[in-house]
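Reading the structure
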Amino acid sequence: MSTAVAETTTTTETTTTAPAAGGLREGAFGNARALQCRECGTEVALGPQYACPECFGPLEVAYDFPAVTREEIEAGPRNIWRYKALLPVPSDIEESPNTEPGFTRLLEARNLGAALGLRKLWVKDDSTNPTNSFKDRVVACALSAARELDAKVFACPSTGNLANAVAAAGARAGIKTVVFIPSNLEQPKQVNSAVYTDRLVAVDGNYDDVNKLASEIAGEEEGWAFVNVNVRPFYAEGSKTLGYEIAEQLGWRLPDQVVIPVASGSQLTKVDKAFQELVALGLVEDKPYRIFGAQATGCSPVSVAYKAGTDAIRPVKPDTIAKSLAIGNPADGIYVLDICRRTGGAVEDISDEEVREGILLLARTEGIFTETAGGTTVGVLRKLVETGQLDTELETVVINTGMGLKTLDAVSDRVGAAATIAPSYDAFVAAGIV
Ligand SMILES: *Cc1c(COP(=O)(O)O)cnc(C)c1O
Ligand SMILES: [Zn+2]
């Protein structure tokens, strides 16, 4: 009988007391209960696993949440750890050096809204995170898992931003980092990783090739935490904080419509999970909301499947300037389709030229310089309005996930000095600038 007790999960207050594999300390993963298969519901102990032992479906963190109040959250730090009770991290997480991302601005975007004919629009601006993309959120959670699992190497395959975030967080944590990128990656994204680590590895191949290599290394080497491979369930939970913050910053309520970029699809699925958790915990009122996914046409396997009305996502070879979204075989693509269909949203894609226009539109209406991923999201927002897929009367949030300084080439041909003049008033007047 006593063995059965050990298997059963107790109620909420303290957590994960069972000494799971590898001598985890008590509460290593906070209120997380287990890893649960998204397909068949099988639960396995919290640890460095990502595929279901029964059906190979993706594992996701499941929790026994205690009662959580708005006041408790509001009293927390101005970063993602204010939501630590809802994440797979220990309750003393703030004591470990990390990049402390999150609680970025939610800006009311009156000019962009007016330009597009939207009554109420906000930009959630994640370009101001420590390494200038939303990836700092997921990496902070992955770093915590790597620590608790006593990993010796902190690593990732990356389309660029993830490598920046892993290298920076690893430097702060004092753990050895190795980051893998496609060798054709934008120079600024390479430098933004290499400043933090001597172990930036450029691989001759596209992201999907780099990812395959990472899985191989993870299988061969001991003690490596690949943030988006073997600790992916913990990593992915970090994206929930985007959803929590949007709701809290709107005054503890859900928006009507959200437009989110899709690479692997993880972020989009976790914003939806965050909204559902907030409702289940009684932190926001239940209401309908629509989730929209944004892709660049040159890598749009999810959008293509959405438009074809199928669940079968056919992998593609990416060919787009939106390199941070260039995942040709998206792991969470089918869940993105399900969420966008179920909530009454859509998945849409735009050309590289429209991506550039999206970057300039956001810059010139709101003073926010986004990278190609944000250009994609803003461009798709515009297309959704123009094609009548988005309701212009409803409150809409668009997520800017990255920073334009990392993808300068995308717009450097399109903008520049209006004139080059001699240093004299007459020359200025003659140039006819104003
Ligand atoms: C990684 C990334 C995304 C998308 O992330 P997924 O969770 O893989 O869909 C979006 N924007 C930027 C800037 C990124 O770096
Ligand atoms: Zn399963």
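The structure contained in this document is the topic of the report that follows. (Residues numbered from 1 in each chain as written. Chains lettered and ligands numbered in written order. Predicted model: local features only at pLDDT ≥ 70, side-chain atom pairs only at ≥ 80, totals over all residues. Heavy atoms only, no water.)

**Points about the coordination of the zinc ion (ligand 2)**
Around a metal, the perfect tetrahedron of four donors has angles of 109.5 degrees, and the perfect octahedron of six donors has angles of 90 or 180 degrees. Here the zinc ion (ligand 2) is held by the protein donor atoms Cys-37 (SG), Cys-40 (SG), Cys-52 (SG) and Cys-55 (SG), which lie 2.2 to 2.4 Å from it. Around the zinc ion (ligand 2) sit 4 donor atoms, and with donor-metal-donor angles ranging over 100 to 119° the site reads as tetrahedral. (Donors = N, O, S within 2.8 Å, 3.2 Å for Na, K, Ca; no water. Tetrahedral: all angles 85-135°; square planar, octahedral: opposite > 155°, others 65-115°.)

**What about the side chain of Thr-343?**
Turning to its location among the elements, Thr-343 is positioned in the loop between helix H12 (333–342) and strand S12 (347–350). The buried category is assigned to Thr-343, whose relative accessible area is 13%. At 3.0 Å, the side chain of Thr-343 forms a polar contact with the backbone nitrogen of Ile-291. Setting aside anything within four residues of it in sequence, one finds Thr-343 in contact with Asp-272, Tyr-289, Arg-290 and Ile-291. (Helix = DSSP H or I, 4+ residues; strand = E, 2+ residues; numbered from the N terminus. Buried < 20%, exposed > 50% of the residue type's maximum accessible area, 1.4 Å probe, protein only. Polar contact = N/O pair within 3.5 Å; in protein donor to acceptor, adjacent residues only side chain to side chain. Contact = heavy atoms within 4.5 Å.)

**Some details on a negative patch on the surface**
Taken together, Glu-216, Glu-220, Glu-221 and Glu-222 make up a surface patch of like negative charges. By the element assignment, Glu-216 lies in helix H7 (residues 207–220). We classify Glu-216 as exposed; its relative accessible area is 54%. (Patch = residues over 30% accessible without salt bridge, like charges linked within 9 Å, V, L, I, M, F, W, Y side chains within 5 Å. Areas by Shrake-Rupley, 256 points an atom, 1.4 Å probe, with all protein chains shown as cover. Salt bridge = Lys/Arg side-chain N within 4 Å of Asp/Glu carboxyl O. Lys, Arg positive; Asp, Glu negative; His and termini not counted. Charge placed at Lys NZ, Arg CZ, Asp CG, Glu CD.)

**Notes on the environment of Gly-344**
Turning to its location among the elements, Gly-344 is positioned in the loop between H12 and S12. As for Gly-344 and Pro-288, which are separated by 56 residues in sequence, their C-alpha atoms are 9.1 Å apart.

**Quick word on the site of ligand 1**
Inspection of the region around ligand 1 gives 15 residues, with Lys-135, Ser-264, Gly-265, Gln-267 and Thr-401 positioned closest. Within the side chain of Asn-161, a nitrogen or oxygen atom sits 2.9 Å from an oxygen atom of ligand 1. Measuring from an oxygen atom of ligand 1, one finds a backbone N or O atom of Gly-265 at 2.9 Å. For ligand 1, the protein covers 97% of the area, taking 380 Å² as the surface of the free molecule. Here the residues of the shell around ligand 1 sort into 6 nonpolar, 7 polar and 2 charged. (Near = heavy atom within 4 Å. Nonpolar A, V, L, I, M, F, W, Y, C, P; charged D, E, K, R; others polar.)

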